[in-house]
Amino acid sequence: MSHTNLITLNRWLLSETHKDLAHRLEMANLMQGIQLACKITNNAIKRAGFEQLFGLAGITNVHSEDVKKLDIIANDAFKMALKSTREVFCMVSEEEDSIIPVPEGQSGNFVITFDPLDGSSNLDCNVSVGSIFGVWPKISSDKNFSEKDVLRKGRDMIASGYALYGSATMLVLTLGNGVFGFTLDNTVGEFILTHSHMTIKHKGQIYSINEGNSVYWDKSTQNYVNHIKSNEGGKTPYSSRYIGSMVSDVHRTLLYGGIFMYPADSKSPQGKLRFLYEVAPLSFIVEQAGGKSSDGKTACLDLVPKNIHQRNPVFMGSSHDVSLLEKFHAEHTNES
Ligand code: P6P
């Protein structure tokens, strides 16, 4: 890599690119907290094998899922790093039952939702995992937050992104003006701009869904998946890729095109993925990259959650592929 024009995340945030960004300095400061949390989490993951951090913590979270030691480390890192920016009004974490307050005198203007370590069930076998975050401006005018600050329409987000702890550690984010990817250079401990204005193909050739759930799918999902797997009319069947770690599957979809799906089915009537800290932040990224993200009928960013851990179906990726999925859903809805 040429070291003549290193654009670090910090330089990028404070560059002329963002001279018109609302709350520019506060956002740049907030992103310092996000990247610090990602660096701490990245370090813990890379050292897990040496420090017996793999394995279970012996407790379960609000979703009755076994909590991994690294889940706790990542969750604590995000809470500490974000509070210390003094830019946060309140937070929602996948690991916590209720809204997380910020100590008196440390309160700021942003509401942050995050999944500190998504896909952690894959950690022990060294599959890539990630962190996901979304940022909304607070609504309450006084110092006490309420549910109206966090039960927000996805489209009200002002920033979102994810860290992917894979063969390289990347931070992919949007501030509402395109998608940018930063790769962690461990030699200097900085996230370096490596992917400017990331865009997704209009049409892909890869579908990503857990086919182990196919017996539970509704007719529209069955019909759509059968259609893209077929070679009728001489068309090339889509390839199947499914990692089971949302950040990895969505990142691949962003770079290679295609569609990632976690539908509602008879086993998970609302789907599995949570709106505030998985679906909405990644939907913002995909839309900013020129793709689509839908619950099968409505754009995910146009949804408003009823509770902080609400789940919803999600189909995201190349706009052609998601639009075709929505067509199958409409046809099935008309049939039934
Ligand atoms: P399944 C990981 O546990 C996760 O929350 C997402 O990262 C991932 O997309 C999904 O669940 C995988 O779920 O049911 O296919 O194992």
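Scroll up for the structure.
Heads up: these notes are all about the structure in this document. (Residues numbered from 1 in each chain as written. Predicted model: local features only at pLDDT ≥ 70, side-chain atom pairs only at ≥ 80, totals over all residues. Heavy atoms only, no water.)

In terms of regular secondary structure, the protein is built from 8 helices and 15 strands. A globule of 336 residues ought to have a C-alpha radius of gyration of about 20 Å, and the protein, at 20 Å, matches this closely. Overall, the protein is about 60 × 50 × 45 Å in size when its C-alpha atoms are taken along their principal axes. If you take every contact in the protein between residues at least 6 apart in sequence, the share linking residues at least 24 apart comes to 62%. Of the roughly 14300 Å² that the protein leaves accessible, carbon and sulfur atoms contribute 51%. Charged side chains of the protein number 32 positive and 36 negative; the gap between the two group centres comes to 3 Å. (Helix = DSSP H or I, 4+ residues; strand = E, 2+ residues; numbered from the N terminus. Rg over C-alpha atoms; globule rule 2.2 N^0.38 Å. Contact = heavy atoms within 4.5 Å. Areas by Shrake-Rupley, 256 points an atom, 1.4 Å probe, with all protein chains shown as cover. Lys, Arg positive; Asp, Glu negative; His and termini not counted. Charge placed at Lys NZ, Arg CZ, Asp CG, Glu CD.)

Scanning the model with the defined rule gives 4 aromatic pairs in all. For the pair W12 and F180, a centre-to-centre distance of 4.9 Å together with 50° between the ring planes defines the contact as tilted. Of this pair, W12 sits in helix 1 (residues 9-13) while F180 sits in strand 9 (residues 179-185), and the two are 168 residues apart along the sequence. With respect to burial, W12 and F180 carry one shared label: buried. Relative to F328, the ring of Y224 lies with its centre 5.7 Å away and its plane at 75°, an arrangement referred to as edge-to-face. Here the residue Y224 occupies a position in helix 5 (residues 219-229), and F328 occupies one in helix 8 (residues 319-335), the gap between them amounting to 104 residues. For Y224, a relative accessible area of 0% puts it in the buried group. For F328, a relative accessible area of 13% translates into the label buried. (Phe/Tyr/Trp six-rings, centres within 6.5 Å; stacked < 30°, edge-to-face > 60°. Buried < 20%, exposed > 50% of the residue type's maximum accessible area, 1.4 Å probe, protein only.)

Attention shifts here to the nonpolar core. Proteins that are soluble and globular tend to have nonpolar side chains buried together. In terms of nonpolar packing, the biggest core is built from 42 residues, with W12, M31, L82, I112, L171, L173 and F182 touching the most fellow members. Ranked by residues supplied to this core, first place goes to helix 2 (residues 24-47) with 9 residues. Residues within four places of L171 in sequence aside, it is in contact with L9, Q35, C38, F133, Y162, A163, F180, G181, F182 and F191. Of all hydrophobic cores here, the second largest spans 40 residues; its members include I132, V250, F260 and I308. (Core = buried A, V, L, I, M, F, W, Y, C linked by side-chain atoms within 4.5 Å.)

This brings us to the site of the ligand. Every residue close to the ligand is listed here: D118, G119, N210, Y242, G244, S245, M246, F260, Y262, K272, L273 and E278. In the model, an oxygen atom of the ligand is placed 2.6 Å from a nitrogen or oxygen of the D118 side chain. The separation between an oxygen atom of the ligand and a polar side-chain atom of Y262 is 2.6 Å. When the ligand sits alone it has 400 Å² of accessible area, and the protein chains cover 82% of it. A class-by-class count of the residues in the shell around the ligand yields 5 nonpolar, 4 polar and 3 charged. (Near = heavy atom within 4 Å. Polar contact = N/O pair within 3.5 Å; in protein donor to acceptor, adjacent residues only side chain to side chain. Nonpolar A, V, L, I, M, F, W, Y, C, P; charged D, E, K, R; others polar.)

Moving on, we get to the sheet that holds strand 6 (residues 129-137). Sheet architecture is open: 8 strands sit in the order 4-3-5-6-7-8-9-10, paired in mixed fashion. Each of the sheet's edge strands pairs with one partner strand only, and the pair in question is strand 4 (100-101) and strand 10 (190-195). Note that strand 7 (residues 159-165) and strand 8 (residues 169-174) share 6 bridges and pair antiparallel. Looking across to strand 8, one finds that Y162 is bridged to V172. (Pairing = 2+ DSSP bridges.)

What follows concerns the pattern of salt bridges. Per the stated rule, a full pass over the model turns up 10 salt bridges. For R155, the salt bridge goes to E287, with nearest N and O atoms at 2.9 Å. With R155 in the loop between helix 4 (147-150) and strand 7 and E287 in helix 7 (residues 275-288), this residue pair connects regions lying 132 residues apart in the sequence. Overall, E287 belongs to the partly exposed group, its relative accessible area being 26%. Salt-bridge contacts for E326 lead to K292; the nearest nitrogen and oxygen are separated by 2.8 Å. Placement of the pair is E326 in helix 8 and K292 in strand 14 (residues 292-294), with a sequence separation of 34 residues. A residue is classified by how much of its surface remains accessible, and E326, at 17% relative accessible area, is buried. (Salt bridge = Lys/Arg side-chain N within 4 Å of Asp/Glu carboxyl O.)

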